[in-house]
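An overview of the molecular structure
Residues per chain, in single letters:
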Amino acid sequence: MKNIGMGLIGPGFVAAHHIDAVRRLGDVDVIAVAGSSQESADRKAREYKVDRSYGDYQALIDDPDVRVIHNTTPNHLHFPVTMAAIKAGKHVISDKPLALNSKEGRLLRDAAVAAKVAHVVTFNYRGNPLVQQARGMIAKDEMGDITFVHGHYLQDWMADPHVYSWRSDPAKGGVSSALGDIGSHWCDLAEHISGLKISSVLADLTTIIPVRYSSGSSAQAFSTETSEQRTPVQVNAEDLASVLLRFENGAKGCFSVGQVLPGHKNDLQLELNGRGSSLKWKQEQPILFGYIAGYPFTQKG
């Protein structure tokens, strides 16, 4: 059987991880990458050892050897790139968010259904073995009815006001920052593990660093780029937030997210409390903590 041809659009920060994961599958060939210009695409193609490069994403979509598109562009390009791929009959694996708002998301869903192509979003923490362990235990009703879901997702990479990228620009990253960027991961995990849907929310949003300093270039996320010439930019999107939740079965929940909290690198934690037991997962520690009938246990990943 012929290998599946894959093309990646947006060869920035996360692209290397997509390409590495795809190559590990063994039955997928990375055919091409497309960047914001031919020069940048050529450079990234050499870096990732990919034979073909395009300075225009439509040219990659039109490549007959490409059957699956990985969309790793900045958020504002997710809708046009993904829609173009779907209209061309190509399957799409997109970084979150699928789109900047629910209207665009519904349009993409309807187009994918009509074209009979896969339209996938990469909530990667679902694949952790301990996440699957917790999900399986709840599905088997080993915890009793879930009553409380809580946790946090805390980072510090934006604690320096000189860190500025497209993620802080609402025209490119969307109106939400920390909640949309990492809060979406927490909410997806809460629903995925518990099997419940969030039905309502109440959020307190804060901008701890209202002024950031841009070098004027289109910096990638997590960039360490420095420049003596920087321009102050007013930032209105939240970098810290606390959220109260209600789930469809009446369970309550709460979580906090922040990207300006020193000492927290990728601190994702989630705890679920049921009538009979509790489970806690810490992303930075490969252990699932729990209490069943009052007795503690741990499960290592």
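Keep in mind it's a predicted model, so treat the numbers as computed, not measured.

For any pair of aromatic rings, the description rests on two quantities: the centre-to-centre distance and the angle between the ring planes. As enumerated under the stated definition, the model contains three aromatic pairs in all. Between Tyr125 and Tyr153, the aromatic rings sit 6.1 Å apart at their centres with planes inclined by 75 degrees, giving edge-to-face as the arrangement. Of the two residues, Tyr125 sits in the loop between β6 (119-121) and α6 (129-139) while Tyr153 sits in strand β7 (residues 146-154), which places them 28 residues apart along the sequence. By relative accessible area, which is 13% here, Tyr125 ends up buried. Relative to Phe255, the ring of Trp186 lies with its centre 4.4 Å away and its plane at 15 degrees, an arrangement referred to as stacked. In this pair, Trp186 is assigned in helix α8 (residues 178-194) and Phe255 in strand β12 (residues 252-258), connecting sequence segments 69 residues apart.

The next thing to look at is unusual backbone geometry. Put simply, Lys96 and Pro97 share a cis peptide bond, and its omega is 0 degrees. Residue position: Pro97 is located in the loop between β5 (91-94) and α5 (102-115). Residues other than glycine seldom take positive phi values, yet Lys116 does so here, at roughly 60 degrees. Locating Lys116 in the fold gives a position in the loop between α5 and β6. The exposed category is assigned to Lys116, whose relative accessible area is 74%. In this structure, Asp141 takes a positive phi of about 60 degrees despite not being glycine. Topologically, Asp141 is positioned in the loop between α6 and β7. Residue classification places Asp141 among the exposed residues on the basis of a relative accessible area of 53%.

Spatially, six strands are ordered β3-β2-β1-β4-β5-β6 in an open sheet, and the strand pairing comes out parallel. Pairing within the sheet leaves two strands with one partner each, and these edge strands are β3 (52-54) and β6. Averaged over all pairs of adjacent strands, the angle between strand axes in this sheet comes to 25 degrees, irrespective of strand direction. When strand β2 (residues 28-34) meets β3, the two strands line up parallel, connected through three bridges.

Close approach of charged atoms allows side chains of opposite charge to pair. In the structure shown here, the tally under the stated rule is eleven salt bridges. For Asp65, the salt bridge goes to Arg52, with nearest N and O atoms at 2.8 Å. Highlighted residues: Asp65 in the loop between α3 (57-61) and β4 (68-71) and Arg52 in strand β3, separated in sequence by 13 residues. The class of Arg52 is partly exposed, set by a relative accessible area of 31%. Notably, a salt bridge pairs Asp181 with Arg167, separated by 3.0 Å at the nearest N-O pair. Of this pair, Asp181 sits in helix α8 while Arg167 sits in the loop between β7 and α7 (170-173), and the two are 14 residues apart along the sequence. Each member of the salt-bridge network shares a partner with another, and the members are Arg52, Asp63 and Asp65.

On to the environment of Ser165, then. With respect to the element layout, Ser165 can be found in the loop between β7 and α7. Residue Ser165 is classed as buried on the basis of its relative accessible area of 4%. Ser165 sits 91 residues away from Pro74 along the chain, and the two C-alpha atoms are 10 Å apart.

This next bit is on the packing of helix α4 (residues 78-87) against α5. Interhelical geometry of α4 versus α5 gives an angle of 15 degrees and a closest axis separation of 10 Å. Comparing the axis directions of α4 and α5 gives the class roughly parallel. The handedness of the crossing between α4 and α5 comes out as left-handed. On the side of α4, the interface is formed by Phe79, Thr82, Met83 and Ile86, while α5 contributes Glu104, Leu107, Leu108, Ala111, Ala112 and Ala115.

Burial analysis of β2 places six of its seven residues in the buried class, which makes it a mostly covered element. Alignment of strand β1 (residues 4-9) against β2, held across six bridges, turns out to be parallel. Each bridged residue has a counterpart across the sheet, and for Ile9 the counterpart in β2 is Ala34. Read as a crossover between parallel neighbours, the route from β1 over helix α1 (residues 15-25) to β2 is right-handed. On the question of chirality, the crossover connecting β2 to the parallel β3 by way of helix α2 (residues 38-48) is right-handed.

Once that is clear, we can look at the environment of Ile208. Considering the arrangement of structural elements, one finds Ile208 in the loop between β8 (198-206) and β9 (211-214). For Ile208, a relative accessible area of 45% gives the class partly exposed. Here the alpha-carbon distance between Ile208 and Ser278, two residues 70 residues apart in the chain, equals 33 Å. Each residue touching Ile208, except ones within four places of it in the same chain, is listed here: Asp239, Leu240 and Val260.

What counts, and where the lines are drawn
- Residues numbered from 1 in each chain as written.
- Predicted model: local features only at pLDDT ≥ 70, side-chain atom pairs only at ≥ 80, totals over all residues.
- Heavy atoms only, no water.
- Phe/Tyr/Trp six-rings, centres within 6.5 Å; stacked < 30°, edge-to-face > 60°.
- Helix = DSSP H or I, 4+ residues; strand = E, 2+ residues; numbered from the N terminus.
- Buried < 20%, exposed > 50% of the residue type's maximum accessible area, 1.4 Å probe, protein only.
- Pairing = 2+ DSSP bridges.
- Axes fitted to C-alpha atoms, helices over the stretch in contact; angles between N-to-C directions.
- Salt bridge = Lys/Arg side-chain N within 4 Å of Asp/Glu carboxyl O.
- Parallel < 35°, antiparallel > 145°, perpendicular 65-115°, else oblique.
- Left-handed = near helix turned anticlockwise from the far one by under 90°.
- Contact = heavy atoms within 4.5 Å.
- Right-handed = clockwise from strand over helix to strand, strands pointing away.

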